[in-house]
Every structure is written in C-alpha cells, then in structure tokens.
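# Residue-level structure breakdown
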Amino acid sequence: MIAAAGWTHQFAGLGALESATREALEAAGRVVQLPRGSQIFAPGQPPLNYLLLLSGDIRVSQMSESGRELVLYRVQPGESCALTTVCLLGGDDYQAEAIAETGIEAVVLPRAAFDDLIVRSPAFRQFVFAAFSARITDLFKLVDEIAFQRIDVRLAHKLIERSAHGGALLITHQQLASELGTAREVVSRQLHEFQRRGWIVSVRGSLTLIDRAAIERLAADG
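In this report, we go over the structure that sits alongside the text. (Residues numbered from 1 in each chain as written. Predicted model: local features only at pLDDT ≥ 70, side-chain atom pairs only at ≥ 80, totals over all residues. Heavy atoms only, no water.)

## Thoughts on the environment of E26
Relative to the assigned elements, E26 resides in helix 1 (residues 19-28). Residue class for E26 comes out buried when judged on its relative accessible area of 16%. In terms of polar contacts, E26 uses its side chain to reach the side chain of T8, at 2.7 Å. (Helix = DSSP H or I, 4+ residues; strand = E, 2+ residues; numbered from the N terminus. Buried < 20%, exposed > 50% of the residue type's maximum accessible area, 1.4 Å probe, protein only. Polar contact = N/O pair within 3.5 Å; in protein donor to acceptor, adjacent residues only side chain to side chain.)

## Examining the sheet that holds strand 6 (residues 97-100)
Across the sheet, four strands lie side by side as 2-6-4-5; this open sheet has antiparallel pairing. At either margin of the open sheet sits one strand with a lone partner, and together these are strand 2 (39-41) and strand 5 (69-75). When strand polarity is set aside, the average angle formed by the axes of neighbouring strands in this sheet is 30 degrees. The sheet contact formed by strand 4 (residues 58-63) and strand 6 spans four bridges and is antiparallel. Residue pairing for strand 6: V60 is matched across the bridge by A98. (Pairing = 2+ DSSP bridges. Axes fitted to C-alpha atoms, helices over the stretch in contact; angles between N-to-C directions.)

## Remarks on the environment of Y50
Counting through the fold element by element, Y50 comes out in strand 3 (residues 49-55). Through-space distance from the C-alpha of Y50 to that of A12 is 17 Å; in sequence the pair is 38 residues apart. If we skip the residues at most four places from it in the chain, Y50 touches S80, T84, T85, L88, V107, V108, L109, F114, F124, F127 and V128. A polar side-chain atom of Y50 sits 3.2 Å from a polar atom in the side chain of S80. (Contact = heavy atoms within 4.5 Å.)

## Observations regarding the nonpolar core
L159, L176, L191, F194, I200 and L207 are the most contacted members of the largest nonpolar core, which has 21 residues in total. Mapped by element, the contributors of at least two residues to this core are helix 5 (151-162), helix 6 (173-180), helix 7 (184-196), strand 9 (206-209) and helix 8 (212-221). Once residues lying within four places of it in the same chain are set aside, the contact partners of L207 are L159, A168, L169, I171, L176, L191, I200, V201 and S202. One finds F11, L88, F114 and I118 within the second-largest nonpolar core, a separate group that totals 20 residues. (Core = buried A, V, L, I, M, F, W, Y, C linked by side-chain atoms within 4.5 Å.)

And the structure:
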C-alpha cells in the first residue's frame, strides 16, 4: 500500500504545486483500497469526492434505456475521473456508472477540500482542467468512431489495444460490444469473419490473436 503522504509524485501534473498546497492536498486526501467489481459511483448519486487513481483500472460506462452498455472511458493509474470533475464543478449527480475492473488503490479528496484548492491554487486548477480536457478529447474521438468508422476497423483497433500484453484475451462478445457501443450480434458476426480468415481463435469468453499483423493492417487501413 502507498503511504498517504507522498502520493502526489505519481501524478505528473501535480509536480508544479506549491509546497504548502501539496501538503494540504496530501493531508486532505485519503488513500482507499477497493476489490475488483466494486461500484465507485452510480447514476443519480451526488459526487462526494474527487478521485485520483494510484493503481488498478476503473471502467466508466453508461446504460441505455434498452439495456445496452457503452464504455465511455477507463481511468488508469496516474489519472483522475473526468465525469467526477464535471459533476463536482457543475453540482450535478452522476449520469453513468464506474466499476473497478481490478482491485484498485485510489486517493479520495473530499468535495470541500477540492473546492478550496480549485479556488486558491492555480497549479491545482491547471492540473484538474488539463486532465479534464484530455478526457473530453478522447470522448469526441469515441463519438467520431461510433458515427463514422466501420465496425470491423473499430473491432480490430480494440483487439490490438486490449491484447497489448500478449496471450489470450479474456473477454466476451458482449463485453466487446459494450466497448464499441454496438450490439453483441454485430460483434459476433465480425469475430466469426475474423476467425474464418484465420486471424483469431474464439472460444467462450476468450480470444486469441493468431495473425496479429493482419488485424493491425485492417486497423491501419481504416
């Protein structure tokens, strides 16, 4: 476990903080650990803390009225949660859900401390808005992909991204559909075609990339 004091060094944007502000931030922030599958927040809940992730992965997704899940983004170590930033600044409740995909360790900064630091520390304010801006850019890219990019190209990109460390990819067709914002049947048909071409081997809950080069070419051509 990372000590509560000294955690700010894991966030590149906090390096410019004045020493007094850093001390105040580390004093107010509380390091928490949560197991895999924990719900970080849910639709309709008010934001109580600003979250900074130290280790693990968090999936932020939204559910449609028809029950289809769309993964908006993931929070990785060294990042903050953009939706939490929006809700804290705007005074709104959450409209999406965040789930710990692994065991996580994070710093939670109470809303009062967040509001205080935003007002009195230009460096902290810059850190918050820079992280928020980067995430908004990612979300615009997601909208563009869903609206304009072919599903086979998007699926190829996703397979390359999720299998970056090699080995079998433990993911279901439904999970891939949620990642891509489409129906499971669409993903299943495309995976069947990839398997017919000899690019992958797909078994229940697992995918193995056999011809990674071919999948990378499809991703690049798109």
